Amino acid sequence: MKSLSFGIALSLVFCFPAIAQPADGNLRVAPEGVWYTVSRDETLSSISRKFTGDIRHWRTIGNTNRIENEKKIPVGRIVLIPAALLTPVSAFARITSFFGDIAIHDREGKPIEARIDTLLKEGDTLATMARSFISLVLEDGSQITVPPDSMLNLRMLRATQYLNSPRTRLFLEKGRVESSVTPFTRPDSRFEVLSPMAVSGVRGTRFRVQYREQRTLNEVIEGKVAVQPGKTVRKDGAQLVAAGFGTIVENGRTAKPVHLLPAPAAGDGYARQERLPIRFQLSQAEASAFHARVSTDAQGTNNIAETDITATEGAAVARFADLPDGHYFLHAHAIDRHGLGGIVQTLPFEVAARPFPPFLLAPGNRFQGSGNADLIAVTMQWSLSSNVTRYRLQVAQDASFAQPEVDQTVDAGEHDGRATVSLPPGMHYWRVAAIDTRSGRQGPFSDAREVNVMQGMAAPAATLGEKDIHFTWTSTAAGQRFTFQLAGDAAFSQPLHEADTTAPEATLPRPQPGTYHARVRSIDADGFIGPYSPPQRFVVPLVWQSGYGLPVQSQEQPLGTDF
């Protein structure tokens, strides 16, 4: 799918006007204008100047109220000042949130610092850089959100005096804009968004407008939007687009509205994110792509990240590289083959990825202990996380850790984290979580690692003969090979003999009289090397011999010493 570059069209929302409640004093505000009770010495000219700022409207006011002599108006006479004549006053747009790099300039090009609650006026232009957002609220409560890589000019920000009828006109020079317009209560209220290709007019709705590749795309979420080609609003030629529909303006023509795609479904596991990057599995059968945005509020005005992803067979994974721990909302919609965005799916989720879990170092997926005891000592070892001195170790016989057999807190060592636990032979699972030093909050567990704890080799048994010594041991698995060692010290610092054998036995010439140590280790068929067995200590005694080199015997036993 081609990359999207967006723009804006002009938009109008439709609603039914409501009559305002009478105001205190000699004014009553209504949709048609202001009803005013005339005081002493007032004329149509003074009334015109007071309400319209120009005495030249006195004749229109007189004709409207059928007053022939503008200087002789009875005190207490109620006259109507039509809404169209009332003085427009300046309105403002207040910054409610922003994220990233925002550039704002007034109509003279002077920079304006982006700060929360800053009031922007008519003629100001704001631009969002990559990965930046800004949201504004107008005085009537309408909200405007400008996503990344966009430029928006506040071409008109006004309100009709007394009626407070907003007249808003935005011009999107590039990028995108999203609007949520408060339903109007005055027939002269306007909210317009202009783009190079089209105009859309609204009077109370939620809608999105994109401009890309010489096309203006309108997506209506709530209410109705009148869309027409060109740069000005006309009474005829507008295409009315209802909620849940979208249309495209291209080559001076407005296409027939089509249904927007339904909200996408999200795969399981999105609600709590414990790993970076953050991931969301999205699916919608007819989607060509997806748009996903992250905000800190359910309404989607405090935005901090967004991404577009091409779909494969209606599915894709939205990824966000890094978000601080906290609570957020995902706003995602599918994009159809025309490029129209669909209905938004809003999902709350939590990021709880810190402190990051350590890397598990040892043991691997198999561990062979020393000896064949019922419980085998296993040393678990893991890397140290930055600024973390305590860890939580869990070991269980099931991958879900429903009933851990080991669940303990471990203080970190100088170079790594480790703990020795006693486990029965068999399959086990283990994992480790870091505990924040300052807050005491535990982070997520590492991915569990399985380890098959096996009984180790028993010490070899020795049979001493007159001319040789024979060692035997028990094989623990088919296809094993063995390494046998003989040494004069228990540390085996300088082995006297080392042999590799496929049989669980070894025969050596009888060594000189003295004390010796023997040990053996197994090598499985897949290359796994077990630890050496506990050393077997044995003594080769001194045997007296005759002049013929034969042992001197007494009572059929050789005479000598056990040295």
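Computed from a predicted structure; not experimentally measured.

### Some details on the overall build of the protein
- A tally of regular secondary structure across the protein gives two helices and 51 strands.
- Taken over C-alpha atoms, the radius of gyration comes to 42 Å for the protein, far larger than the 24 Å a tight globule of 563 residues would show.
- In terms of its C-alpha atoms, the protein occupies a principal-axis envelope of roughly 160 × 45 × 40 Å.
- Per-residue burial over the protein gives 45% buried out of 563 residues.
- When contacts within the protein are restricted to residue pairs at least 6 apart in sequence, long-range pairs at least 24 apart make up 61% of them.
- Total accessible area on the protein stands at roughly 28500 Å², and carbon and sulfur atoms take up 49% of it.

### Digging into the layout of surface pockets
- Taken as a whole, the largest pocket holds about 450 Å³ of empty space.
- Residue lining of the largest pocket: 21 residues in total, with Glu178, Arg206, Arg293, Gln299 and Gly300 positioned closest to the centre.
- Counting residues per element, the ones that place at least two in the lining of the largest pocket are β11 (143–146), β14 (176–180), β17 (206–212), β27 (289–295) and β30 (326–335).

### Comments concerning the sheet that holds strand β42 (residues 468–472)
- The three strands are arranged β41-β42-β45 in an open sheet whose pairing can be described as antiparallel. The sheet terminates laterally at β41 (461–464) and β45 (505–509), the two strands that pair on one side only. When strand polarity is set aside, the average angle formed by the axes of neighbouring strands in this sheet is 20 degrees.

### Remarks on the sheet that holds strand β24 (residues 265–266)
- Here we have three strands laid out as an open sheet, ordered β24-β26-β29, and antiparallel in their pairing. Edge positions in the sheet fall to β24 and β29 (315–320), since each of these pairs with one other strand and no more.
- One ladder, built from six bridges, connects strand β26 (residues 278–283) with β29; its direction is antiparallel. Note that in β29 the partner of Arg279 across the bridge is Arg319.

### With respect to the environment of Gly100
- For Gly100, the location among the structural elements is in the loop between β5 (93–99) and β6 (102–105).
- For the pair formed by Gly100 and Thr185, sequence separation is 85 residues and the distance between their alpha carbons is 36 Å.
- Those residues within four positions of Gly100 in sequence are excluded, and the remaining contacts are Arg131 and Ser132.

### Focus: the pairing of strand β9 (residues 125–128)
- Burial along β9 is two-sided: the residues Thr125 and Ala127 and Leu126 and Thr128 are all buried.
- Strand direction decides the pairing type here: β6 and β9, joined by four bridges, are antiparallel. Within β9, the position partnered with Ala103 by the bridge is Ala127.

### Digging into the packing of helix α1 (residues 44–52) against helix α2 (residues 58–65)
- α2 packs onto α1 with a crossing angle of 110 degrees between their chain directions and a minimal axis gap of 8 Å. When the interaxial angle is binned, α1 and α2 end up roughly perpendicular. Together, Leu44, Ser45 and Ser48 of α1 and Trp58, Ile61 and Gly62 of α2 make up the contact between the two elements.
- A per-class count over the contact of α1 with α2 returns three nonpolar, three polar and no charged.

### What to know about the nonpolar core
- Ranked by internal contacts, the top residues of the largest apolar core, which has 32 residues, are Leu136, Ile144, Leu152 and Phe191.
- Apart from the residues within four sequence positions on either side, Ile144 is in contact with Ile134, Ser135, Leu136, Leu138, Leu152, Leu170, Val177, Glu178 and Phe191.
- Core analysis: the second largest hydrophobic core is formed by 24 residues, Ala305, Ala318, Leu330 and Val351 among them.

### Digging into α2
- Listing the buried residues of α2 in full gives Ile61, Gly62 and Asn65. Buried residues of α2, seen end-on, are gathered within an arc of 100 degrees and therefore sit on one face of the element. Structural note: α2 exposes Arg59 and Asn63 on the side pointing more than 90 degrees away from its buried face.
- Looking at the packing, one finds that the buried side of α2 touches α1 and β3 (78–82).

### Describing the confidence of the model for the protein
- Within the protein, residue pLDDT values average 88, and 90% of them lie at 70 or more.
- Confidence drops under pLDDT 50 across residues 1–24; counting only partners more than four residues distant or on other chains, this segment forms 109 contacts.
- Confidence drops under a pLDDT of 50 for residues 553–563, and excluding neighbours within four residues, the segment shows 23 contacts in the predicted structure.

### Digging into the pattern of salt bridges
- A complete count under the given rule lists 22 salt bridges for this structure.
- For Arg293, the salt bridge is made with Glu178, and the minimal N-O distance between the two is 3.0 Å. Residue Arg293 is found in strand β27, and its partner Glu178 is found in strand β14; the two are separated by 115 residues along the sequence.
- For Glu178, a relative accessible area of 21% translates into the label partly exposed.
- What emerges from the salt-bridge pattern is a single network uniting Arg176, Glu178, Arg293 and Glu306.

### Some words on unusual backbone geometry
- Geometrically, the link from Arg354 to Pro355 is a cis peptide bond, its omega value of -5 degrees lying close to zero.
- Locating Pro355 in the fold gives a position in the loop between β31 (345–351) and β32 (360–362).
- You will see that Asp117, though not glycine, has its phi angle at about 75 degrees, which is positive.
- By secondary structure assignment, the location of Asp117 is in the loop between β7 (111–112) and β8 (119–120).

### Some details on the side chain of His291
- In this fold, His291 is placed in strand β27.
- Residue class for His291 comes out buried when judged on its relative accessible area of 4%.
- Within the structure, the side chain of His291 is placed 3.2 Å from the side chain of Glu306, a separation counted as a polar contact.
- Setting aside residues up to four positions removed in sequence, His291 forms contacts with Arg176, Glu306, Thr307, Asp308, His331, Ala332, His333 and Ile335.

Cut-off values and rules
- By convention here, each chain's residues receive numbers from 1 onward along its written sequence.
- Since the coordinates come from a predicted model, pLDDT governs what is reported: local features require at least 70, and pairs of side-chain atoms require 80 or more to be given and counted, while whole-chain, interface and lining totals use all residues.
- Excluded from the side-chain calculation are hydrogens and water; included are all heavy atoms of the structure.
- Only DSSP runs of H or I reaching four residues or more are called helices, and only runs of E reaching two or more are called strands; each is numbered from the N terminus.
- Atoms counted for the radius of gyration: C-alpha only. Globule rule: 2.2 Å times the number of residues to the power 0.38.
- With a 1.4 Å probe rolled over the protein chains alone, any residue whose accessible area is under 20% of its type maximum counts as buried; one over 50% counts as exposed, and the rest are partly exposed.
- In what follows, residue pairs with any heavy atoms lying within 4.5 Å of each other are defined as contacts.
- For accessible areas, the Shrake-Rupley method is used with a probe of radius 1.4 Å. Any residue's cover is judged against the shown protein chains and nothing else.
- Using protein atoms alone on a 1 Å grid, points that fit a 1.4 Å probe yet trap it form a cavity, whereas open point sets bounded by protein on both sides within 12 Å along at least five of seven lines form a pocket; residues with an atom within 4 Å of a point count as lining.
- Grid points are joined across faces, edges and corners, and a volume is the space filled by probe spheres set on the points.
- Whether two strands pair comes down to DSSP finding at least two bridges between them.
- Under this scheme, a helix contributes an axis fitted over its contacting stretch, all axes are lines through C-alpha atoms, and angles between N-to-C directions fall in the 0 to 180 degree range.
- Should an angle lie under 35 degrees it is considered roughly parallel, over 145 roughly antiparallel, and from 65 to 115 roughly perpendicular; all remaining angles are considered oblique.
- Residue type decides the class: Asp, Glu, Lys and Arg count as charged, Ala, Val, Leu, Ile, Met, Phe, Trp, Tyr, Cys and Pro as nonpolar, and the leftover types, Gly among them, as polar.
- For the purposes of this section, nonpolar cores are sets of buried Ala, Val, Leu, Ile, Met, Phe, Trp, Tyr and Cys residues that join through side-chain atoms within 4.5 Å.
- The arc in question is formed by the directions pointing from the helix axis toward the C-beta atoms.
- As a per-residue measure, pLDDT tells how confident the predictor is, with possible values from 0 to 100.
- Here, a salt bridge means any side-chain nitrogen of Lys or Arg that lies within 4 Å of a carboxyl oxygen of Asp or Glu.
- Nitrogen and oxygen atoms within 3.5 Å of one another constitute a polar contact, given that in protein one can donate a hydrogen and the other can accept it, and given that sequence-neighbouring residues count only through two side-chain atoms.

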